[in-house]
Amino acid sequence: MEEILLGARQKPRNIQKAKEDNLDMGEETDLRNINGFKLDLQEKAQTTLEKIVNFIIEDGEIQAIHSEESDTIVLGIKTSNPGVLIGRHGHTLDALQYIVNIITNKEFEETERRKIIVDIEGYKERREDIVSKYAREKAEIVKKNGKKIALCYMNAVERRIVHLVLQDEPLLATYSEGTEPFRRVIIVPKENRNNKNNQEEE
């Protein structure tokens, strides 16, 4: 078990190496010269992700997933070992998505660029459900005892989920504190939050 965990921690270094090497993308055909830009960018994104994934694991398969948002491309990864690419709390998956966005979009004009989402077998949707449920449970505790609660450390995407889930709570407020990667959401009774803001203004 220790060897497995160690291997999972070491894999993201390969992602960084792939980023530094730039995957030799400059030697490839310019995909923008083929058909419309949406298809070109998607093909570029798939090729980039495939290269990174194959650098880390052996059985990764990349598939485009339909997105209702015209400015978003969703790519799914199928593999027998998703844990390696997901990482702790999805941090490795977030790194993959970040790198694919940077490498893919840098060769396109700003008006042609698209947001690229990388997922593995519906992990992000499941994670969103888990974070939302966790936030609501902690919010109920705050409403009952009237004391603020600090949630566990989260990445930017997960913190945004918490803020959105609780934004319509009339008795509660949320804010983030700390420095990455040790940044978390604080849930407070709205009166306490207002008092804190008044003190900061003074």
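Up top is the structure.
Note that this is a predicted model, so its numbers are computed, not measured.

Student: Go over the sheet that holds strand E6 (residues 182-189) with me, naming the residues and quoting the values.
Tutor: Reading across from one edge, E4-E6-E5 is the order of the three strands in this open sheet, with antiparallel pairing throughout. Unpaired on one side and paired on the other, strand E4 (149-150) and strand E5 (172-179) mark the two borders of the sheet. In the packing of helix H5 (residues 123-145) onto the sheet, the strands contacted are E4, E5 and E6, and the crossing angle to E6 comes to about 40°. This element, helix H6 (residues 156-166), spans E5 and E6 of the sheet and lies at about 10° to E6.

Student: Go over the nonpolar core, please, and point to the residues and values.
Tutor: Within the largest apolar cluster, 24 residues are counted, with the highest numbers of intra-cluster contacts made by Leu49, Ile77, Leu85 and Ile116. Looking at this core, the elements that each hand over two or more residues are helix H2 (37-56), strand E2 (72-78), helix H3 (82-86), helix H4 (91-105) and strand E3 (115-120). At six residues, the largest contribution of residues to this core is made by H2. If you look at the next biggest cluster of nonpolar residues, it comprises 13 residues, including Val131, Val142, Met154 and Val185.

Student: I'd love a proper account of the layout of surface pockets, names of residues and values included.
Tutor: Estimates place the volume of the largest pocket at around 800 Å³. Taken together, 27 residues form the lining of the largest pocket, with Lys115, Ile117, Lys124, Glu128 and Val157 sitting closest to its centre. Contributions of two or more residues to the lining of the largest pocket are made by E2, H4, E3, H5 and H6. Residue contributions to the lining of the largest pocket peak at six residues, all from H6. Residues that form the lining of the largest pocket fall into these classes: eight nonpolar, eight polar and eleven charged.

Student: Can you explain the environment of Gln97? Please cite residues and give values.
Tutor: Turning to its location among the elements, Gln97 is positioned in helix H4. On the accessibility criterion, Gln97 (15% relative accessible area) is buried. Here the alpha-carbon distance between Gln97 and Val118, two residues 21 residues apart in the chain, equals 5.3 Å. Apart from residues lying up to four places away in sequence, Gln97 is in contact with Ile116, Ile117, Val118 and Lys124.

Student: Can you lay out the pattern of salt bridges for me, pointing to particular residues and giving the numbers?
Tutor: Going through the model one piece at a time under the given rule, you end up with five salt bridges. With a closest N to O distance of 3.0 Å, Lys143 and Glu140 form a salt bridge. Within this pair, Lys143 and its partner Glu140 are both found in helix H5, separated by three residues, close to a single helical turn. Across the salt bridge formed by Glu180 and Arg159, the nearest N and O atoms sit 2.7 Å from each other. Of this pair, Glu180 sits in the loop between E5 and E6 while Arg159 is found in helix H6, placing the two residues 21 residues apart along the sequence. The exposure class of Glu180 is partly exposed, given its relative accessible area of 43%. Given a relative accessible area of 8%, Arg159 falls into the buried group. Several salt bridges share partner residues, and in doing so they unite Glu140, Lys143 and Glu169 into one network.

Rules and cut-offs
Residues numbered from 1 in each chain as written. Predicted model: local features only at pLDDT ≥ 70, side-chain atom pairs only at ≥ 80, totals over all residues. Heavy atoms only, no water. Pairing = 2+ DSSP bridges. Helix = DSSP H or I, 4+ residues; strand = E, 2+ residues; numbered from the N terminus. Contact = heavy atoms within 4.5 Å. Axes fitted to C-alpha atoms, helices over the stretch in contact; angles between N-to-C directions. Core = buried A, V, L, I, M, F, W, Y, C linked by side-chain atoms within 4.5 Å. Buried < 20%, exposed > 50% of the residue type's maximum accessible area, 1.4 Å probe, protein only. 1 Å grid on protein atoms, 1.4 Å probe; cavity = no way out; pocket = protein on both sides within 12 Å on 5 of 7 lines; lining within 4 Å. Points joined across faces, edges and corners; volume = space filled by probe spheres on them. Nonpolar A, V, L, I, M, F, W, Y, C, P; charged D, E, K, R; others polar. Salt bridge = Lys/Arg side-chain N within 4 Å of Asp/Glu carboxyl O.

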